[in-house]
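What follows is the residue order along each chain.
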Amino acid sequence: MDWRTYQKILLPDTPDFHKLDVYEKEGQGYQALRTVLTEEKWSRKAVVDEVKKANIRGRGGAGFNAGLKWSFMPPKQEGVPRYLAVNGDESEPGTCKDRRLFEYNPHTIIEGALIACYAMEMDAAYIYIRGEYADWIDMVQAAVDEAYAKGYAGKNIMGSGQNIDVFVHKGAGAYICGEETSLMESLEGKRPYPRSKPPFPAQVGLWGKPTTINNVETVGHVPHVIRNGADWYLGIGAQTFPGPMLYGISGHVQRPGVYEFPSGMLITDLIYKVAGGIRGGKKLKAVVPGGSSVPILRADMIEGITMDADSLRTVGTFVGTAGMCVLDEDTDIVKFLIRVSQFYDHESCGQCTPCREGTGWFVKMLKRIDSGEGSTRDLDTLLELCDTMEGRTVCALADAAAWPVRNTIIRFREDFEAKIKFKGAYAVA
Amino acid sequence: MEPVSYTFTESEIAEIQRHLSKYPDKRSAVMPALWIAQEKFGWLSEEAIKLVADTIDIPYAHVYGVASFYTMYFKEKVPEHLIEVCTCFTCGEMGGKEMLDYVKEKIGADARGFGKDGKIWARAAECLGACDTAPVCQITNRRYVHQLTKAKVDELIAKLEKGEEIPYERIPLTDQSIIDD
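Residues numbered from 1 in each chain as written. Chains lettered and ligands numbered in written order. Predicted model: local features only at pLDDT ≥ 70, side-chain atom pairs only at ≥ 80, totals over all residues. Heavy atoms only, no water.

Colleague: Account for the overall build of chain B, naming residues and giving values.
Modeller: Looking only at helices and strands, chain B has seven helices and four strands in total. Counting helices and strands in the order they occur from the N terminus, chain B gives α-α-α-α-β-α-α-β-β-β-α. Across its three principal axes, chain B shows a C-alpha extent of roughly 60 × 45 × 25 Å. By the burial criterion, 53% of the 181 residues in chain B qualify as buried. Excluding contacts between residues fewer than 6 apart, the proportion of contacts in chain B whose partners are at least 24 apart in sequence is 59%. Once the 22 positive and 30 negative side-chain charges of chain B are each reduced to a mean point, those two points are 2 Å apart. (Helix = DSSP H or I, 4+ residues; strand = E, 2+ residues; numbered from the N terminus. Buried < 20%, exposed > 50% of the residue type's maximum accessible area, 1.4 Å probe, protein only. Contact = heavy atoms within 4.5 Å. Lys, Arg positive; Asp, Glu negative; His and termini not counted. Charge placed at Lys NZ, Arg CZ, Asp CG, Glu CD.)

Here it is as structure tokens:
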């Protein structure tokens, strides 16, 4: 399928699509839910299998097959409630896609969540949305209220005998709550310190009960998979990372925006054809393809690279959230990295020492380099510090903080060295 | 100034009860209840936190622990209006830092970011999730102002000073029809 003729699925241009009646009329809204609840062929397992076959790669950043995650839920035990947590904490810098779904297509999230709850025999879905999105939380709540009023959520949904509640939970400003176990702690009303795994959420999740956590966009894909089948979904975009993709293109481009195209687009097409190229006729310096955590790419690394896990792996980076930040030749990459590191320093929950201390050291050492007081030895110390953080903490925030530092230093070393006054000052000792 | 009475009204208690009914454990209502307290009192004082703890019937220390974790709960008395300018990642590269400096200069901010007239304060925000309309700011935990310029900041501050509401700025879906081949 050529991306030029692609018809949008997740963010259609239909006016008032966020309203239930329009969603039903123009988007076959809640038909997929009706189908799985009423048609015999859609057993719970059949839904899980179809979603698994479609290989919806988690859109929150990890890219894990959503249906496979669903299949990890243990067999239902009578009297033991089970939960779905829908992750709308969207806080990864560079990511601005979920907010568009909340505003323009909230019902696909709700319908997807309800289908997921049916498939995994869950009692309730909690849609966790970052507190900054106060206006959008109201929009999602309004959509949930509409769904309840129509009997699409709550007791005896569509006369099927299924009871599934949908609740919206408002965060209060913490990046860490986007980490799935932290999100559960936050929902439980605790300080959101991530939990050690195992036990995994499917075994011990929300309030100690079996739980699955999916990104809002991921569950938003589900009604389309049910309606059109896994084979249809597999035919969109990249073979091993299929489906529609919301590309949040920001930074020094002519036309920043949230674009919906098939996955697996060429990065160069996205920058130059879709977003109109670099503004002011400047040259490209760097691209961060999927949110601030994923390794940065130099301009000379993107030729022929597409937005899917396999292609991006060849240049040592990830799809992440497909929130792409484009930087032009005037960018001070050291200052850029300082601000990214400040973000992780601010957002580290403080539970694990390597992350709590390491994120602060990143900022201090990078600032020293930026001020011209650094030495080449500092660059090696920073890389060593990355070694002491990656994989040594409860959650992946330390990794997310270390990857930009490690890869920016390796890929733009000359930019750092240019700021170092006493080159090799310690090298002779 | 009249002393603040630290009680919830009946409707506020009903609202907290409604939140309690959403979760199997009462502790989960702590965040919504803190939101209600902050809306009411403007910030979360010791008394406000105690009120939340007593209303949900959980320990003060627990509620304090939650309140003190999150950026959006104010742990000190702050001016009525907050201009939180994103300086993170994309916004930082698109002029967000300069916009924050401009806001602070305009309101005559002290080291805490509090403006001279005591009505407005400003601080840097971490990524607000509106990178495609950078630079952005958020007003007092709600409204977003997109594609900030100095003129937009001037207008914004004038509105806040006059006590006018900041309207919701709707960003249409991205126009995908233009393709540069």
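Colleague: Please provide a residue-by-residue account of the interface of chain B and chain A, values included.
Modeller: If you look at the interface, chain B gives 52 residues, while chain A gives 79 residues. Together chain B and chain A conceal approximately 5,300 Å² of surface at their shared face, both sides included; 55% is due to carbon and sulfur atoms. Across the pair R99 of chain A and D132 of chain B runs a salt bridge, and its minimum N-O distance is 3.8 Å. Counting across the interface, chain B meets chain A through 35 residue pairs in polar contact (both at pLDDT 80 or more). Going through the elements one at a time, helix 2 (30-41), helix 4 (60-67), helix 5 (89-93) and strand 4 (143-145) of chain B are the ones with two or more residues in the side of chain B that touches chain A. By residue class, the composition of the side of chain B that touches chain A is 26 nonpolar, 13 polar and 13 charged. (Buried area = accessible area lost by both parts, 1.4 Å probe. Salt bridge = Lys/Arg side-chain N within 4 Å of Asp/Glu carboxyl O. Polar contact = N/O pair within 3.5 Å; in protein donor to acceptor, adjacent residues only side chain to side chain. Nonpolar A, V, L, I, M, F, W, Y, C, P; charged D, E, K, R; others polar.)

Colleague: Now, about the pairing of strand 4 (residues 211-215) of chain A: what can you tell me, with residues and values included?
Modeller: Residues and elements named next belong to chain A. Taking burial as the measure, the five residues of strand 4 include five buried ones, the bulk of the element. Here strand 4 shows no split at all, with T211, I213 and N215 on one side and T212 and N214 on the other all buried. Relative to strand 4, strand 1 (residues 83-88) is paired through five bridges, and the arrangement is parallel. When the bridges of strand 4 are listed, L84 appears paired with T212. (Pairing = 2+ DSSP bridges.)

Colleague: Any chance you could break down the pattern of salt bridges for me, citing the residues and the numbers?
Modeller: Should their charged atoms come close, side chains of opposite charge can pair. Within this structure, the stated rule accounts for 55 salt bridges over all chains. A salt bridge links E111 of chain A to R227 of chain A; its shortest N-O distance comes to 3.6 Å. With E111 of chain A in helix 6 (residues 106-119) and R227 of chain A in helix 9 (residues 216-228), this residue pair connects regions lying 116 residues apart in the sequence. Classification of E111 of chain A as buried rests on a relative accessible area of 0%. Where R142 of chain B meets D135 of chain A, a salt bridge forms, and the shortest distance between an N and an O atom there is 2.8 Å. Residue R142 of chain B is located in the loop between strand 3 (137-139) and strand 4, and its partner D135 of chain A is located in helix 7 (residues 134-149); the two belong to separate chains. Exposure remark for D135 of chain A: the relative accessible area of 6% places this residue in the buried category. One connected set of salt bridges, linked through shared partners, spans D2, R4, D269 and K273 of chain A together with D181 of chain B.

Colleague: Can you explain the packing of helix 6 of chain A against helix 7 of chain A? Please cite residues and give values.
Modeller: All names here are of chain A. Remark: helix 6 packs on helix 7, axes separated minimally by 9 Å, with the N-to-C direction vectors making an angle of 55 degrees. As judged from the angle between their axes, helix 6 and helix 7 are oblique. Crossing of helix 6 against helix 7: the hand is right-handed. Along its contact with helix 6, which presents P106, H107 and I110, the element helix 7 presents V140, A143, V144, E146 and A147. The residue inventory of the contact of helix 6 with helix 7, partitioned by class, reads six nonpolar, one polar and one charged. (Axes fitted to C-alpha atoms, helices over the stretch in contact; angles between N-to-C directions. Parallel < 35°, antiparallel > 145°, perpendicular 65-115°, else oblique. Left-handed = near helix turned anticlockwise from the far one by under 90°.)

Colleague: Residues and numbers for the nonpolar core, please.
Modeller: Ranked by size, the top nonpolar core spans 159 residues in total, and within it Y30, V47 and F416 of chain A together with Y70 of chain B carry the most contacts. If near-sequence neighbours (up to four positions away) are discounted, F416 of chain A is found in contact with I333, V334, L337, L366, I369, L379, T408 and I409 of chain A. (Core = buried A, V, L, I, M, F, W, Y, C linked by side-chain atoms within 4.5 Å.)

Colleague: Help me get a handle on the sheet that holds strand 8 (residues 257-262) of chain A, residues and values and all.
Modeller: Residue and element names in this part refer to chain A. Pairing within the open sheet is mixed, and its five strands lie in the order 8-7-11-9-10. Of all strands in the sheet, those with a lone pairing partner are strand 8 and strand 10 (297-298), marking the two edges. Alignment of strand 7 (residues 244-251) against strand 11 (residues 323-328), held across four bridges, turns out to be parallel. Its bridge partner lying in strand 11, I249 is registered against M324.

Colleague: Residue-level account of helix 8 (residues 180-187) of chain A, with values.
Modeller: Burial analysis of helix 8 of chain A places eight of its eight residues in the buried class, the great majority of the element. Looking only at helix 8 of chain A, the buried set comprises E180, T181, S182, L183, M184, E185, S186 and L187 of chain A. Buried residues along helix 8 of chain A sit against helix 4 (66-71), strand 1, strand 2 (124-129), strand 3 (165-170) and strand 4 of chain A together with helix 2 of chain B.

Colleague: So what's going on with the domain arrangement of chain B? Residues and values would help.
Modeller: For chain B, the assigned domains read domain 1 (10-69) and domain 2 (81-162). Taking only C-alpha atoms into account, the centre of domain 1 of chain B sits 29 Å from that of domain 2 of chain B. (Domains from an automatic or database assignment.)

Colleague: Account for the packing of aromatic side chains, with residues named and values stated.
Modeller: Aromatic ring pairs are reported here in terms of the distance separating the ring centres and the angle at which the planes meet. Taken as a whole and assessed by the stated rule, the structure comprises 32 aromatic pairs over all chains. Seen from their ring centres, Y193 of chain A and F69 of chain B are 6.1 Å apart, and the 80 degrees between their planes marks the pair as edge-to-face. In this pair, Y193 of chain A sits in the loop between helix 8 and strand 4 while F69 of chain B sits in the loop between helix 4 and strand 1 (81-86), so the two residues belong to two different chains. Judged by its relative accessible area of 27%, Y193 of chain A falls in the partly exposed class. Each ring, one from W207 of chain A and one from Y23 of chain B, has its centre 6.3 Å from the other, and the planes form 50 degrees; the classification is tilted. Here the residue W207 of chain A occupies a position in the loop between helix 8 and strand 4, and Y23 of chain B occupies one in the loop between helix 1 (10-20) and helix 2, the pair thus bridging two chains. With relative accessibility at 7%, the residue Y23 of chain B sits in the buried group. The ring of W136 of chain A is capped by R99 of chain A, whose NZ or CZ atom sits 5.0 Å from the centre of that ring. (Phe/Tyr/Trp six-rings, centres within 6.5 Å; stacked < 30°, edge-to-face > 60°. Lys NZ or Arg CZ within 6 Å of the ring centre and 35° of its normal.)

Colleague: Before we move on, could you go through the environment of L312 of chain A and cite the residues and values that matter?
Modeller: Summarising the element assignment, L312 of chain A is placed in helix 12 (residues 309-313). We classify L312 of chain A as buried; its relative accessible area is 0%.

Colleague: Give a detailed account of helix 15 (residues 376-389) of chain A, specifying residues and quantitative values.
Modeller: Residues and elements named next belong to chain A. Over its 14 residues, helix 15 runs 21 Å from end to end, which matches the ideal 20 Å to within 8%, given 1.5 Å per residue. The complete set of buried residues in helix 15 reads T376, D378, L379, L382, L383, L385, C386 and M389. Considering only its buried residues, helix 15 is in contact with helix 14 (353-370), helix 16 (397-411) and helix 17 (413-417). (Expected span 1.5 Å × (residues − 1).)

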